[in-house]
Amino acid sequence: GPPPAKVRSVFSTFSKRKATTMASPPPVYRLVYFNTRGAAELTRYLLHIASVPYDDIRYPMEARSAGFGVSSEFLRDQSAGAFAANRNQLPILQILTPEGRQAVATLGQSHAINRFLAERHGMMGENPIERAQIDAIYEAVRDTKSAFLRVKREAPADRAEWMQNTLPSHCETLESSLPRLVAKDDAAASPFLLAGATPSLADVAVASLLGTAQSTM
């Protein structure tokens, strides 16, 4: 069956938003990853929703007999130590100077990047309790995504069964765990999981997960 109402409302709110590279003013960040969703798609959602300009650097993926592989450009830059901040892996996020040219800091690890952006751009709640509740939902979504990535390698019939039954079940348990931070009338009026006026990292994580799952159906 479909995901429950509140989870559906979050996905509907974000489903038409596209992560794009913004041309001006100068970029605040430089996100470096491959030309795929993968571990950087949630980061792209966050950057787009925060309305901050950023460079979206994507290394091409090369078709091979056993699937896709990394490009020679990636291997060249990896050998040169360009991704040392993430132990020679991607993604990395560079925080740029006001002119958008120099990196003043480079972050690795996709979840650390996501939490940094959410904190910096007002998507981690208004107090330590809300921050912990948002983080708990984020971790629950990570659990579901890990299960989704495992089933993607299974037979088509198994993938279809997971999408039809297991994913909606995950969404139902997620919705039943949501904290009730405001009055019921306010919660009904808000499209967001924590019933606030603006999205949190929790909302963006759910939207990114369901968007990725939908694209594979």
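Just so you know, these numbers come straight off a predicted model, no measurement behind them.

Topic: the overall build of the protein
Next up, step 1: Helix and strand content of the protein: eight helices and six strands.
Next up, step 2: Mapped in sequence order, the helices and strands of the protein form the string α-β-α-β-β-β-α-β-β-α-α-α-α-α.
Next up, step 3: The buried share of the protein, taken over its 217 residues, is 41%.
Next up, step 4: Restricting the contact set of the protein to residue pairs at least 6 apart, pairs at least 24 apart contribute 65%.
Next up, step 5: A total of about 11500 Å² of accessible surface is found on the protein, and carbon and sulfur atoms cover 52% of it.

Details of the confidence of the model for the protein
Next up, step 1: Taken residue by residue, the protein gives an average pLDDT of 83. The fraction at 70 or more is 77%.
Next up, step 2: No element of the protein has a lower mean pLDDT than helix H7 (residues 184–189), which averages 53, and none a higher one than helix H4 (residues 110–120), which averages 97.
Next up, step 3: Within the model, pLDDT remains below 50 along residues 16–22, and this stretch shows 19 contacts once partners closer than five positions in the same chain are excluded.

Brief notes about the pattern of salt bridges
Next up, step 1: Tallying each qualifying case throughout the model produces ten salt bridges.
Next up, step 2: A salt bridge links Glu-41 to Arg-44; its shortest N-O distance comes to 3.1 Å. Here Glu-41 and its partner Arg-44 are both found in helix H2 (residues 41–49), three residues apart, which amounts to about one turn of the helix.
Next up, step 3: Overall, Glu-41 belongs to the buried group, its relative accessible area being 12%.
Next up, step 4: Several salt bridges share partner residues, and in doing so they unite Arg-37, Glu-41, Arg-44, Asp-56 and Arg-58 into one network.

Focus on the packing of aromatic side chains
Next up, step 1: Summed over all chains, the structure comprises seven aromatic pairs.
Next up, step 2: Counting every residue linked through ring pairs, the aromatic cluster contains Tyr-33, Phe-34, Tyr-59, Phe-74 and Phe-83.

Brief notes about the nonpolar core
Soluble globular proteins tend to pack their nonpolar side chains together in the buried interior.
Next up, step 1: Judged by nonpolar contacts, the single largest core of 47 residues is most densely connected at Tyr-29 and Leu-90.
Next up, step 2: Of all the elements in the fold, those that place two or more residues in this core are strand E1 (29–34), H2, strand E2 (54–59), strand E5 (92–96), H4, helix H5 (128–151), helix H6 (156–176) and helix H8 (201–215).
Next up, step 3: It is H8 that contributes the most residues to this core, nine residues altogether.
Next up, step 4: Setting aside its immediate chain neighbours within four residues, Leu-90 contacts Val-32, Tyr-33, Phe-34, Tyr-59, Phe-74 and Phe-83.

Observations concerning the environment of Leu-201
Next up, step 1: Its location among the elements puts Leu-201 in helix H8.
Next up, step 2: Residue classification places Leu-201 among the buried positions, given a relative accessible area of 0%.
Next up, step 3: Contact partners of Leu-201, with chain neighbours within four places excluded, come to Leu-46, Asn-114, Arg-115, Ala-118, Met-123, Met-124, Ile-134 and Tyr-138.

Concerning the pairing of E2
Regular strands have side chains that alternate between both faces of the sheet.
Next up, step 1: For E1 and E2, the ladder comprises six bridges, and the chain directions are parallel. Pairing of Tyr-33 across the sheet is with Arg-58, part of E2.
Next up, step 2: At this point the chain moves from E1, through H2, to the parallel E2, and the crossover so formed is right-handed.

Side note on the environment of Gly-211
Next up, step 1: Tracing the sequence through the fold places Gly-211 in helix H8.
Next up, step 2: Residue class for Gly-211 comes out buried when judged on its relative accessible area of 9%.

Description of the packing of H5 against H6
Next up, step 1: Contact geometry of H5 with H6 gives a least axis separation of 11 Å together with a crossing angle of 170°. Here H5 is positioned roughly antiparallel relative to H6, judged by the angle of their axes. In this structure, H5 uses Ile-137, Ala-140, Val-141, Thr-144, Ala-147, Phe-148 and Val-151 to contact H6, whose residues at the interface are Asp-158, Arg-159, Trp-162, Met-163, Leu-167, His-170 and Leu-174.
Next up, step 2: Of the residues in the contact of H5 with H6, the class split is ten nonpolar, two polar and two charged.

About the cut-offs
Residues numbered from 1 in each chain as written. Predicted model: local features only at pLDDT ≥ 70, side-chain atom pairs only at ≥ 80, totals over all residues. Heavy atoms only, no water. Helix = DSSP H or I, 4+ residues; strand = E, 2+ residues; numbered from the N terminus. Buried < 20%, exposed > 50% of the residue type's maximum accessible area, 1.4 Å probe, protein only. Contact = heavy atoms within 4.5 Å. Areas by Shrake-Rupley, 256 points an atom, 1.4 Å probe, with all protein chains shown as cover. pLDDT = per-residue confidence, 0-100. Salt bridge = Lys/Arg side-chain N within 4 Å of Asp/Glu carboxyl O. Phe/Tyr/Trp six-rings, centres within 6.5 Å; stacked < 30°, edge-to-face > 60°. Core = buried A, V, L, I, M, F, W, Y, C linked by side-chain atoms within 4.5 Å. Pairing = 2+ DSSP bridges. Right-handed = clockwise from strand over helix to strand, strands pointing away. Axes fitted to C-alpha atoms, helices over the stretch in contact; angles between N-to-C directions. Parallel < 35°, antiparallel > 145°, perpendicular 65-115°, else oblique. Nonpolar A, V, L, I, M, F, W, Y, C, P; charged D, E, K, R; others polar.

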